[in-house]
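Now for the letters of each chain:
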Amino acid sequence: MMMKIALLTAFIAHILCGYSDCLLSYGAKGRLDLKNIKYPDKMAEMFEDMPLRKPLISILLGTFSITAWTFGYLALCQWMQQFNTILAGIMLVGTALFVVPIVTHHIICGLVEWFYIRLGRTDEAHEVVLEFQKKTISTMFVGYAGLLVFVGCLFFAIVTGQTDLPRWCCVFNTLVFMLLLLPTKLPAKGNIAGAMMFLGLLIMI
């Protein structure tokens, strides 16, 4: 029962985190074009009329959501323990490498937008926030490396028949769904993929 609750919590948390991502990705004029962030004038135009509350809500909601979905990842590590202790241990390390840097990265993204807007979207503000984001981007790379370790181990264990799930259940994996979503224009693809993984495993486990 606790396993089901953890997986359901992670499913809901990924949806909420996806919404928090959208708060950062959409302005008054629609979706923000990340290609334009290096141009001060275009970035100032993108963030025109963006309310300060949006990045703040995103920071708080994202932090809560990532904390909540951690229980789902830990539950899958515990579930894997009965089949392969080595893979379970690697998945646990992957979870730690994923969750801690990613929540930091999410907070940084929200702070960058908040300070940029609060400082009046000037050229100086643009230079400062862009420098800050570049110098902290390692949090994103480490976080997604940790996720890749986790989902790679999960995929391998299921597809090789090391668990009690049918081998075809290997498709319930963030990496698989992410590859399918990449060609689309959907926002928050990573969180959609994560939500789909937990929903599938919630039904099958």
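Report follows, based on the coordinates. (Residues numbered from 1 in each chain as written. Predicted model: local features only at pLDDT ≥ 70, side-chain atom pairs only at ≥ 80, totals over all residues. Heavy atoms only, no water.)

1. Structural notes on unusual backbone geometry
Leaving glycine out, the prevailing phi sign among residues is negative, and the prevailing peptide bond configuration is trans.
Phase 1 of the analysis: A positive phi angle, close to 65 degrees, is found at Asp 49, a residue other than glycine.
Phase 2 of the analysis: Considering the arrangement of structural elements, one finds Asp 49 in the loop between helix H2 (40-46) and helix H3 (53-81).
Phase 3 of the analysis: On the basis of relative accessibility, which here comes to 58%, the residue Asp 49 falls in the exposed class.
Phase 4 of the analysis: With phi around 50 degrees, Ala 188 is a residue other than glycine that occupies positive phi space.
Phase 5 of the analysis: Of note, Ala 188 is situated in the loop between helix H7 (174-181) and helix H8 (189-204). (Helix = DSSP H or I, 4+ residues; strand = E, 2+ residues; numbered from the N terminus. Buried < 20%, exposed > 50% of the residue type's maximum accessible area, 1.4 Å probe, protein only.)

2. Quick look at the nonpolar core
Phase 1 of the analysis: If you look at the biggest cluster of nonpolar residues, it comprises 42 residues, and the most contacted ones within it are Trp 69, Leu 76, Phe 150, Leu 154 and Met 197.
Phase 2 of the analysis: Per-element tally for this core: the top contributor is H3, with nine residues.
Phase 3 of the analysis: When residues no more than four places from it in sequence are discounted, the contact partners of Phe 150 are Tyr 73, Leu 76, Cys 77, Met 91, Thr 95 and Met 197.
Phase 4 of the analysis: Membership of the second largest hydrophobic core comes to twelve residues, among which are Met 43, Ala 44, Val 112 and Tyr 116. (Core = buried A, V, L, I, M, F, W, Y, C linked by side-chain atoms within 4.5 Å. Contact = heavy atoms within 4.5 Å.)

3. Considering helix H4 (residues 85-118)
Residues separated by three or four positions in an α-helix point in the same direction, a consequence of the helix having 3.6 residues per turn.
Phase 1 of the analysis: In a regular helix each residue adds 1.5 Å, so 34 residues correspond to 50 Å; H4 covers 49 Å between its end C-alpha atoms and thus fits that length.
Phase 2 of the analysis: For H4, the side-chain oxygen to backbone nitrogen distance between the N-cap and Ile 86 is 3.1 Å, and the N-cap itself is Asn 84.
Phase 3 of the analysis: Positive phi shows up at Gly 120, right after H4, with a value of about 90 degrees. (Expected span 1.5 Å × (residues − 1). Polar contact = N/O pair within 3.5 Å; in protein donor to acceptor, adjacent residues only side chain to side chain.)

4. Structural notes on the packing of H4 against helix H5 (residues 123-135)
Phase 1 of the analysis: It is the contact of H4 with H5, at a shortest axis distance of 9 Å, that shows an interaxial angle of 175 degrees. Considering the angle they form, H4 stands roughly antiparallel to H5. In contact with His 105, Ile 108, Cys 109, Val 112, Phe 115 and Tyr 116 of H4, H5 contributes Ala 125, His 126, Val 129, Phe 132 and Gln 133.
Phase 2 of the analysis: Its residues assigned to classes, the contact of H4 with H5 shows eight nonpolar, three polar and no charged. (Axes fitted to C-alpha atoms, helices over the stretch in contact; angles between N-to-C directions. Parallel < 35°, antiparallel > 145°, perpendicular 65-115°, else oblique. Nonpolar A, V, L, I, M, F, W, Y, C, P; charged D, E, K, R; others polar.)

The values reported here are purely geometric and, on their own, carry no functional implication.
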